[in-house]
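# An overview of the molecular structure
Below, each chain spelled out in residue letters.
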Amino acid sequence: MTEQSSPVIGFVGLGVMGGPMCRNMALKHSGEVLAFDTNESAFEAVQGTKARRVQTLGDLAAQADIVFLSLPGGPAVESVCLGAQGLTAGARRPRVIVDLSTTTVASARSVAERLAERDVQFADAPVARTREAAQRGELSLMVGAQPALFERIEPLLQYIGSDVTLCGGVGCGQVVKLINNALVFENTVALAEMMVLGERAGVKPETLLDAVSKGSGDSFVLRNHGRKAMLPRSFPDKSFSPEYVLKDISYVLELAGQTGVSAHVTELAQRYYAATAANGFSGRYFPAVIEMVDRNQRLAEGKA
């Protein structure tokens with residue numbers, strides 16, 4: 001097969017979301033799939049597939065045509081793409097790098113500019129929805145790329161997502177993802193307040209959610225975070241934690257500052273999640289914010 005029809009895929013970062021995404025690519029792609037992670041146990045996510053482990057980013061760059069990244073944030077993306085031991089440090093470089101991580105908009109655009117100087121194309125394609133959606137290959141991807149590059153990578157993104165949207169040029173995927181996340185975090189806080197209010201006023205939380213889900217107050221957050229975590233008060237470790245929420249919120253507020261928007265609701269959510277992280281729920285699933293409401297936890301004044 002030609003590279004155009006079946007490129008060699010590289011995948012960097014086999015974490016909570018990256019592992020299932022890489023697995024789906026390995027199961028669905030007709031060509032070779034290479035995987036890299038610094039964590040030995042991370043490769044369990046692709047056991048039983050044709051994904052082949054490589055030892056270094058240099059090894060990956062020497063073989064892969066298109067590399068996908070699923071990393072903790074902008075600094076990690078910059079290091080993997082442009083660092084001394086990164087994907088573009090050697091003589092042979094991938095032709096395209098697609099970042100599935102959530103970063104700042106400025107970071108995505110800066111990385112793209114510097115990669116272009118090295119003749120490497122870049123797209124930001126952050127993902128939304130749950131880990132279960134990642135496992136099913138039903139994520140929503142918001143893509144920032146030139147149309148020609150989007151046309152090239154869209155079939156590969158369909159391996160991991162049921163909805164793939166071109167949002168504009170590089171960085172626009174991050175804009176939409178950050179707004180999406182902010183809405184989820186803010187909705188979760190609002191739902192937490194109303195669940196506690198309803199219970200104290202005599203309505204069982206399960207009854208409240210059932211009734212509201214049949215009206216205009218229904219939402220993705222109610223049906224997922226509300227029913228699956230806040231109702232049973234189940235906030236496991238190694239899930240999307242308040243610390244991750246605060247990282248994304250900081251990116252949103254940075255963008256708001258750059259564009260002259262007063263994001264007061266987002267600032268309030270930031271204070272709620274800072275309290276969540278500081279009062280017994282560090283590292284646990286972020287809908288634990290309902291515990292702060294239930295305790296009438298005092299929020300720090302100003303930004304956390």
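Cut-off values and rules
- Residues numbered from 1 in each chain as written.
- Predicted model: local features only at pLDDT ≥ 70, side-chain atom pairs only at ≥ 80, totals over all residues.
- Heavy atoms only, no water.
- Core = buried A, V, L, I, M, F, W, Y, C linked by side-chain atoms within 4.5 Å.
- Buried < 20%, exposed > 50% of the residue type's maximum accessible area, 1.4 Å probe, protein only.
- Helix = DSSP H or I, 4+ residues; strand = E, 2+ residues; numbered from the N terminus.
- Contact = heavy atoms within 4.5 Å.
- Salt bridge = Lys/Arg side-chain N within 4 Å of Asp/Glu carboxyl O.
- Pairing = 2+ DSSP bridges.
- Right-handed = clockwise from strand over helix to strand, strands pointing away.
- Polar contact = N/O pair within 3.5 Å; in protein donor to acceptor, adjacent residues only side chain to side chain.
- Axes fitted to C-alpha atoms, helices over the stretch in contact; angles between N-to-C directions.
- Parallel < 35°, antiparallel > 145°, perpendicular 65-115°, else oblique.
- Left-handed = near helix turned anticlockwise from the far one by under 90°.
- Nonpolar A, V, L, I, M, F, W, Y, C, P; charged D, E, K, R; others polar.

With that out of the way, let us pick up the nonpolar core. Generally speaking, a soluble globular protein has its nonpolar side chains buried in company with each other. Among the nonpolar cores identified, the biggest contains 36 residues, and F68, V98, L100, L141 and L157 are the most heavily contacted of them. Where this core is concerned, the elements lending two or more residues are β1 (9-12), α1 (18-28), β2 (33-36), β4 (66-69), β5 (96-99), α5 (131-136), β8 (139-144) and α6 (147-157). Broken down by element, the residue count for this core peaks at five residues, all from α6. Other than its neighbours up to four places away in sequence, L141 contacts L100, A125, P126, V127, L157, I160, G161, D163, V164 and T165. In this structure, L208, L222, V245 and A274 belong to the second largest nonpolar core, which totals 35 residues.

Quick look at the pattern of salt bridges now. Evaluated as defined, the whole model comprises 12 salt bridges. Ionic pairing is found between E32 and R52, a salt bridge with its closest N-O pair at 2.6 Å. Of the two residues, E32 sits in the loop between α1 and β2 while R52 sits in strand β3 (residues 52-53), which places them 20 residues apart along the sequence. A salt bridge links R223 to D218; the shortest N-O distance between them is 3.3 Å. By relative accessible area, R223 is classed as partly exposed at 40%. On the basis of relative accessible area, D218 is assigned to the partly exposed category, the value being 28%.

The next point concerns the pairing of β4. Both faces of β4 are covered, namely the face carrying I66 and F68 and the face carrying V67 and L69. Examined bridge by bridge, β1 and β4 share four bridges and lie parallel to one another. Across the sheet, V12 pairs through a bridge with L69, a residue of β4. In the sheet, β4 pairs with β5 via four bridges, with the strands oriented parallel. Each bridged residue has a counterpart across the sheet, and for L69 the counterpart in β5 is D99. Regarding topology, helix α3 (residues 74-82) serves as the crossover connection from β4 to the parallel β5, and that connection is right-handed.

Positionally, S213 belongs in the loop between α8 (205-212) and α9 (220-230). For S213, the side chain forms a polar contact with the side chain of R227, separated by 3.3 Å. Leave out the neighbours within four places in its chain, and S213 touches D218, L222 and R227.

Following the sequence through the fold, T102 ends up in the loop between β5 and α4 (105-116). Of the residues examined, T102 reaches a relative accessible area of 9% and is grouped as buried. A polar contact is formed between the side chain of T102 and the side chain of K177, at a distance of 2.6 Å. Those residues in contact with T102 that lie beyond four places of it in its chain are P72, G73, G74, P126, Q174, K177, L178, K247, D248 and Y251.

Here the focus is the pairing of β8. Taking burial as the measure, the six residues of β8 include six buried ones, the bulk of the element. Neither face of β8 is open: one carries L139, L141 and V143, the other S140, M142 and G144, and all of them are buried. As judged from the two bridges shared by strand β7 (residues 127-128) and β8, these two strands associate in the antiparallel manner. Each residue of the ladder has a partner; that of A128, found in β8, is S140. Alignment of β8 against strand β9 (residues 161-168), held across six bridges, turns out to be parallel. Among the inter-strand pairings, G144 is bridged to a residue of β9, identified as G168. After leaving β8, the chain enters α6 and then returns to the sheet as β9, a path that is right-handed.

Taken together, the buried positions of α9 are occupied by V221, L222, N224, H225, G226, A229 and M230. If you follow the buried residues of α9, they end up packed against α7 (172-200), α8 and α12 (289-294).

Topologically, F286 is positioned in the loop between α11 (264-278) and α12. Along the backbone, F286 and A229 are 57 residues apart, and their C-alpha atoms lie at a distance of 9.3 Å. Other than its neighbours up to four places away in sequence, F286 contacts V184, F185, T188, H225, F240, S241, P242, V245 and Y273.

Moving on, we come to the packing of α4 against α7. In the contact formed by α4 and α7, the axes pass within 8 Å of each other and the chain directions differ by 160°. Overall, the two elements α4 and α7 adopt an arrangement that is roughly antiparallel. The handedness of the crossing between α4 and α7 is right-handed. Two secondary-structure elements touch here, α4 through V105, A108 and R109 and α7 through C172, Q174, V175 and L178. Residues belonging to the contact of α4 with α7 are distributed by class as follows: five nonpolar, one polar and one charged.

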